[in-house]
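Fold and contact review
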Amino acid sequence: DTGVSQDPRHKITKRGQNVTFRCDPISEHNRLYWYRQTLGQGPEFLTYFQNEAQLEKSRLLSDRFSAERPKGSFSTLEIQRTEQGDSAMYLCASSLVRNQETQYFGPGTRLLVL
Amino acid sequence: GENVEQHPSTLSVQEGDSAVIKCTYSDSASNYFPWYKQELGKRPQLIIDIRSNVGEKKDQRIAVTLNKTAKHFSLHITETQPEDSAVYFCAASKRDDKIIFGKGTRLHILP
């Protein structure tokens, strides 16, 4: 499968714990985006990278959230001290800037904070 | 920042009829308008997109129209089929920028 992949697909954690998600973009895609989607809503932008540089962070991204893309390939999204309000689907997407804006989504990681 | 409004939130149409979903955007600098289809428990899938240098684009039973002056764009699905049942999201972005999504339209195709 040469599409965007995410791991894990599901995560259940207790409030206060830290969690980390991974996204592997389509190879050669230089842009990588993180979105959050709650039930009945559209994906909300969190942050994005071009290669290893983090270019923008949404105001939705509190200081408990951190994202990295150290080698310009896969990315990780970490949530520290999780809260029940963090429960959502976390989606990753990638694109090739040369192909302008078309973004391809991964299957998502569904997080449930108890 | 950009704001995308989408209507209706739910739409039921008889199989074989047409469905229309409408969106508006606020940032006149937006120039790319993708539409995504999301089935229950699955990832959003791009079904069609339009750039601001054209007013209409068609792909088989799906068409999108764009009115830049009014900042409106619409998705038209003709001859609807049961497999068209899903949530549809419109979105807008500026060149090489993040995508801002609407809240989605849940489309039900009635037998």
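That block above? That's the structure.
The sections below set out a description of the structure shown in this document. Just so it is clear, the structure is predicted and the values come from calculations on it, not from any experiment. (Residues numbered from 1 in each chain as written. Chains lettered and ligands numbered in written order. Predicted model: local features only at pLDDT ≥ 70, side-chain atom pairs only at ≥ 80, totals over all residues. Heavy atoms only, no water.)

1. Description of the layout of surface pockets
By volume, the largest pocket is sized at about 640 Å³. Mapped onto the lining of the largest pocket, the elements with two or more residues apiece are strand E5 (44-50) and strand E6 (53-57) of chain A together with strand E1 (4-7) and strand E10 (100-101) of chain B. Reported here for the second largest pocket is a volume of approximately 490 Å³. Every residue lining the second largest pocket is counted, 23 residues in all, and those nearest its centre are Gly40(A), Gln38(B), Leu40(B), Val87(B) and Arg106(B). Of all elements in the fold, only strand E9 (86-92) and strand E11 (105-110) of chain B reach the threshold of two or more residues within the lining of the second largest pocket. For the lining of the second largest pocket, a count of residues per class yields 7 nonpolar, 11 polar and 5 charged. (1 Å grid on protein atoms, 1.4 Å probe; cavity = no way out; pocket = protein on both sides within 12 Å on 5 of 7 lines; lining within 4 Å. Points joined across faces, edges and corners; volume = space filled by probe spheres on them. Helix = DSSP H or I, 4+ residues; strand = E, 2+ residues; numbered from the N terminus. Nonpolar A, V, L, I, M, F, W, Y, C, P; charged D, E, K, R; others polar.)

2. Quick notes on the pattern of salt bridges
Within this structure, the stated rule accounts for 8 salt bridges over all chains. Taking the shortest distance from any N to any O, the salt bridge between Arg22(A) and Asp24(A) comes out at 2.7 Å. Exposure remark for Arg22(A): the relative accessible area of 34% places this residue in the partly exposed category. Among the ionic pairs, Asp84(B) bridges to Arg61(B), the shortest N-O distance being 2.9 Å. Highlighted residues: Asp84(B) in the loop between strand E8 (72-77) and E9 and Arg61(B) in the loop between strand E6 (56-59) and strand E7 (62-67), separated in sequence by 23 residues. Assessed through its relative accessible area of 6%, Asp84(B) is described here as buried. (Salt bridge = Lys/Arg side-chain N within 4 Å of Asp/Glu carboxyl O. Buried < 20%, exposed > 50% of the residue type's maximum accessible area, 1.4 Å probe, protein only.)

Spatial relationships are all this shows, so hold off on functional conclusions.
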